[in-house]
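Residues per chain are reported as follows:
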Amino acid sequence: MELTTGFWRFKALAAAVDLSLFTTLSGLGEASAAELAVALDLDPRPTRMLLASCTSLGLLVRENHRYRNGETAEHFLVEGRPHWFGGFVRYSDRHAYPAWHRLQEALRTNRPTTWDSDAQQSAFVTTDAVILEDFWGAMFTLSSFTANALATAHDFTAHRKLLDVGGGTGAFPTGLCRHYPHLRATVLDLPRVTAMAREKIAELGLDHAISTHDGDFLTDPALPEGHDVVLLSMILHDWDEATNRALLAKCHAALPAGGAVIICELVLDDDERGPAPAALMGLNMLIETRSGHNYTYAEYTDWLTGAGFTDITTVPLAAAGANAAIVARKPSTR
């Protein structure tokens, strides 16, 4: 039953976010069901049902017939807060959820269902401003939490300059540079994405530490040099083995001797029995990409070794976007 009705929980959350329930309640402090029905422009019956559902999920607290946000909702689901997660909820509801309805189609055709692979080069090439805003807002939110986990799990003290390949709007550099004030970073991404990154970086007051580089890591012959650590976060799961091997070879060529590459992903166990977040993210790659997959530790190790990296270590991460950081070094010259 929990597997079968799992979407009930998600749709209750998505509806509450779309109705601005948590943002509204944060402004009011607390409210009765009748007051919230008026504020949300809902009839009393559905209001009561939605409030009961959100309370049962721990998102709301009900005392003396009045409601207030629970700790999770107040921290993550109030729009405008630093850790606003509602963008990811909205992206999942509007774009991923309808595509998952066509999962069997994706399984039978081996083609994505979130975008038209006949008309677009990839899911990341679109002029739809709403999709772009939802997607990159969602990715910034998700990556921010993963960046914080990486900042504490891996010591960046010895690193001086980071290249974030396919870095989106800069969630990782902003989190890492805040944690390590000496660190400088470059976000490499497509021009329309780096434009959004520059706005976000300036908004956060980090344009002194983070710059951007317009490029396409798939088609550019080489990556920008001058960095001693290259980050690939939730990048390799978008592509097939050949593409990933080629990208790791570019990372190796761009790094100085002794430099490091860091892969952050939801990694499958080598026996492919789990963990569930990695396995299910792999299935999500079926509907989101032409050739993506969530790969195993053994596969990443093999590709890194093939690219010339050594001293491969794995750092466990407790984050929604990654369960591990795989760190490898370019051998020092003798």
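Reading guide: rules and limits
- Sequence positions are assigned chain by chain, starting from 1 and proceeding in written order.
- Local features in this predicted model are restricted to residues whose pLDDT is 70 or higher, and side-chain atom pairs enter the listing and the counts only when it is 80 or higher, whereas totals over whole chains, interfaces and linings include all residues.
- To get the side-chain values, take all heavy atoms of the structure and skip hydrogens and water.
- We define a nonpolar core as any set of buried Ala, Val, Leu, Ile, Met, Phe, Trp, Tyr and Cys residues linked to one another through side-chain atoms lying within 4.5 Å.
- Burial classes follow relative accessibility: with a 1.4 Å probe on protein chains only, a residue under 20% of its type's maximum area counts as buried, one over 50% as exposed, and anything between as partly exposed.
- Numbered from the N terminus, helices here are DSSP runs of H or I no shorter than four residues, and strands are runs of E no shorter than two.
- Whether two residues are in contact is decided by their heavy atoms, any of which lying within 4.5 Å being enough.
- In short, DSSP must find at least two bridges between two strands for them to pair.
- Multiplying 1.5 Å by the helix residue count minus one yields the expected span of that helix.
- Residues adjacent in sequence count toward polar contacts only when both atoms are side-chain atoms; beyond that, a polar contact is any pair of N or O atoms within 3.5 Å, and within protein one must be able to donate a hydrogen and the other to accept it.
- All axes are obtained by fitting lines to C-alpha atoms, using only the stretch in contact for helices, and the reported angles, taken between N-to-C directions, cover 0 to 180 degrees.
- We call two directions roughly parallel when the angle between them is under 35 degrees, roughly antiparallel when it is over 145, roughly perpendicular when it lies between 65 and 115, and oblique otherwise.
- By definition, any crossing whose near helix is turned counterclockwise from its far helix by less than a right angle is left-handed, and any crossing with a clockwise turn is right-handed.
- In this count, Pro and Cys sit with the nonpolar residues alongside Ala, Val, Leu, Ile, Met, Phe, Trp and Tyr, while Asp, Glu, Lys and Arg are called charged and the others, Gly among them, polar.

Attention now goes to the nonpolar core. With 28 residues, the main nonpolar core has Leu-150, Phe-156, Leu-176, Ile-210, Ile-262 and Cys-264 as its most contacted residues. Elements supplying a minimum of two residues to this core: helix 8 (129–153), helix 9 (171–179), strand 5 (184–189), helix 10 (191–203), strand 7 (229–233), strand 8 (260–265) and strand 10 (324–329). The residues contacting Leu-150, other than those within four sequence positions of it, are Phe-156, Phe-172, Leu-176, Leu-231, Ile-262, Cys-264, Leu-317 and Ala-325. Core analysis: the second largest hydrophobic core is formed by 27 residues, Leu-163, Leu-188, Val-261 and Ala-324 among them.

Looking along a regular strand, one sees the side chains alternate between the two faces of the sheet. On strand 3 (residues 66–69), burial follows the alternation: Tyr-67 and Asn-69 on one face are buried, whereas Arg-66 and Arg-68 on the facing-out side are not. Both strand 1 (residues 31–32) and strand 3 contribute to a ladder of 2 bridges, which runs antiparallel. Paired with Ala-31 across the bridge in strand 3 is Tyr-67. In this sheet, strand 3 lies alongside strand 2 (residues 60–63) in antiparallel orientation, the contact comprising 4 bridges. Bridge pairing links Arg-62 to Tyr-67 in strand 3. Connecting strand 2 to the antiparallel partner strand 3 that follows it, the hairpin turn spans 2 residues, and Asn-64 within it adopts a positive phi of roughly 55°.

Turning next to helix 1 (residues 6–18). The end-to-end C-alpha separation of helix 1 is 19 Å, in line with the 18 Å expected for 13 residues at 1.5 Å each. Where helix 1 is concerned, the buried positions are Ala-12, Ala-14, Ala-16 and Val-17. Buried residues along helix 1 sit against helix 2 (21–28), helix 4 (44–56) and helix 6 (86–100). Just downstream of helix 1, Ser-20 is the residue with a positive phi angle, here 60°.

Here Asn-69 is to be found in strand 3. In the structure, Asn-69 is positioned 78 residues away from Ala-147 in sequence and 26 Å away in space, judged by C-alpha atoms. When residues no more than four places from it in sequence are discounted, the contact partners of Asn-69 are Phe-22, Leu-25, Ser-26, Leu-59, Leu-60, Val-61, Glu-74 and Val-78. Here the side chain of Asn-69 touches Phe-22 through a polar contact of 2.9 Å, landing on its backbone oxygen. At 2.8 Å, the side chain of Asn-69 and the side chain of Glu-74 are in polar contact.

This part covers the sheet that holds strand 2. In space, the 3 strands of this open sheet follow the order 1-3-2, with antiparallel pairing throughout. Two strands close off the open sheet at either side, each with one partner strand: strand 1 and strand 2. Contacting strand 1, strand 2 and strand 3, helix 2 crosses the sheet at an angle of about 105° to strand 3.

Further remarks concern the packing of helix 1 against helix 6. In the contact formed by helix 1 and helix 6, the axes pass within 9 Å of each other and the chain directions differ by 120°. It follows that helix 1 is oblique to helix 6 by the angle criterion. Considering only the axes of helix 1 and helix 6, their crossing is left-handed. Facing helix 1, whose interface residues are Phe-7, Phe-10, Lys-11, Leu-13, Ala-14, Val-17 and Asp-18, helix 6 presents Gly-86, Val-89, Arg-90, Ser-92, Asp-93, Arg-94 and Tyr-97. Looking at the contact of helix 1 with helix 6 residue by residue, the class counts come to 7 nonpolar, 2 polar and 5 charged.

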